[in-house]
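The residues making up each chain are set out below.
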Amino acid sequence: MKRWSTSGRFAERLLQGYDDTGNEERVVVWIERKPGAIWAVGRAVNPHLRPSDEPRRGDYVFEGYELEDALDRANEVLEDDIRVLEDDGRPADVKPFVRKELLGPLERWFFGRDRSSQS
């Protein structure tokens, strides 16, 4: 499998369940920072079965400049997938995306270091 850098990903959630035929299914939802100060939210089904880790264009469900908009969209997608798992009788203990978890990676990306570790 061709490896692709996920260094632009600031947060990620993995949900595991089963598809309509009973086969294991993995859904990955993530928030990343793309060139041009663009926030992006992606969702991929069974990415581990693909020949490359690189996201497909159709995997992106949001691209925009506002972090709050990205968080809202990512949590909407996550909530929909959790609802499907729960409707199938499979509990999903997945935490929503929160702004705080993105700030550390954003500072490291922007400043090249973690400012919270400075005095």
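Structure: see above.
The structure reproduced in this document is the subject of the present report. (Residues numbered from 1 in each chain as written. Predicted model: local features only at pLDDT ≥ 70, side-chain atom pairs only at ≥ 80, totals over all residues. Heavy atoms only, no water.)

In this section: helix α1 (residues 67-87). Taking 1.5 Å as the rise per residue, α1 with 21 residues should run 30 Å; its terminal C-alpha atoms sit 30 Å apart, in good agreement. Residues Leu-67, Ala-70, Leu-71, Ala-74, Asn-75, Val-77, Leu-78, Asp-81, Ile-82 and Leu-85 constitute the buried set of α1. Relative to the axis of α1, the buried residues are bounded by an arc of 165° and lie together on one face. Lining the buried residues of α1 we find β1 (9-18), β2 (24-34), β3 (38-45), β4 (60-64) and α2 (99-111). (Helix = DSSP H or I, 4+ residues; strand = E, 2+ residues; numbered from the N terminus. Expected span 1.5 Å × (residues − 1). Buried < 20%, exposed > 50% of the residue type's maximum accessible area, 1.4 Å probe, protein only. Arc of directions from axis to C-beta. Contact = heavy atoms within 4.5 Å.)

This part is about α2. Under the 1.5 Å per step criterion, the end-to-end length of α2 is 18 Å for 13 residues, consistent within 8% with the ideal 18 Å. As for α2, its buried residues are in contact with β1, β2, β3 and α1. Phi for Gly-112, located one or two positions after α2, is positive at around 80°.

Bringing the pairing of β1 into the picture now. Side-chain direction in a regular strand flips from residue to residue, so the side chains alternate between the two faces of the sheet. Note: β1 against β2, nine bridges, orientation antiparallel. The residue bridging Glu-12 from the neighbouring strand is Trp-30, located in β2. Where β1 hands over to β2, the hairpin turn is made up of five residues, of which Gly-22 adopts a positive phi near 90°. (Pairing = 2+ DSSP bridges.)

What follows deals with the pattern of salt bridges. Pairing between side chains of opposite charge can happen when their charged atoms approach one another. For the structure shown, the criterion picks out 10 salt bridges. Between Glu-63 and Lys-34 there is a salt bridge, and its shortest N-O distance comes to 2.6 Å. Of this pair, Glu-63 sits in strand β4 while Lys-34 sits in strand β2, and the two are 29 residues apart along the sequence. Since its relative accessible area comes to 39%, Glu-63 is described here as partly exposed. Here Arg-43 and Asp-81 are joined by a salt bridge, their closest N and O atoms 2.8 Å apart. Here Asp-81 lies in helix α1 and Arg-43 lies in strand β3, a separation of 38 residues in the sequence. In this structure, a network of salt bridges that share partners links the residues Glu-79, Asp-80 and Arg-83. (Salt bridge = Lys/Arg side-chain N within 4 Å of Asp/Glu carboxyl O.)

Another point: a nonpolar patch on the surface. Where nonpolar side chains cluster on the molecular surface, the patch consists of Trp-109, Phe-110 and Phe-111 and spans about 340 Å² of accessible area. For Phe-111, a relative accessible area of 33% translates into the label partly exposed. (Patch = residues over 30% accessible without salt bridge, like charges linked within 9 Å, V, L, I, M, F, W, Y side chains within 5 Å. Areas by Shrake-Rupley, 256 points an atom, 1.4 Å probe, with all protein chains shown as cover.)

With that out of the way, let us pick up the nonpolar core. With 21 residues, the main nonpolar core has Leu-15, Val-29, Ile-31, Trp-39, Val-41, Phe-97 and Leu-102 as its most contacted residues. Examining the composition of this core, we find that eight residues originate from one element, α1, more than from any other. Counting residues in hydrophobic clusters, the runner-up holds five residues, among them Val-28, Trp-30, Ala-40 and Tyr-60. (Core = buried A, V, L, I, M, F, W, Y, C linked by side-chain atoms within 4.5 Å.)

Take it as geometry only, folks, not as evidence of what the structure does.
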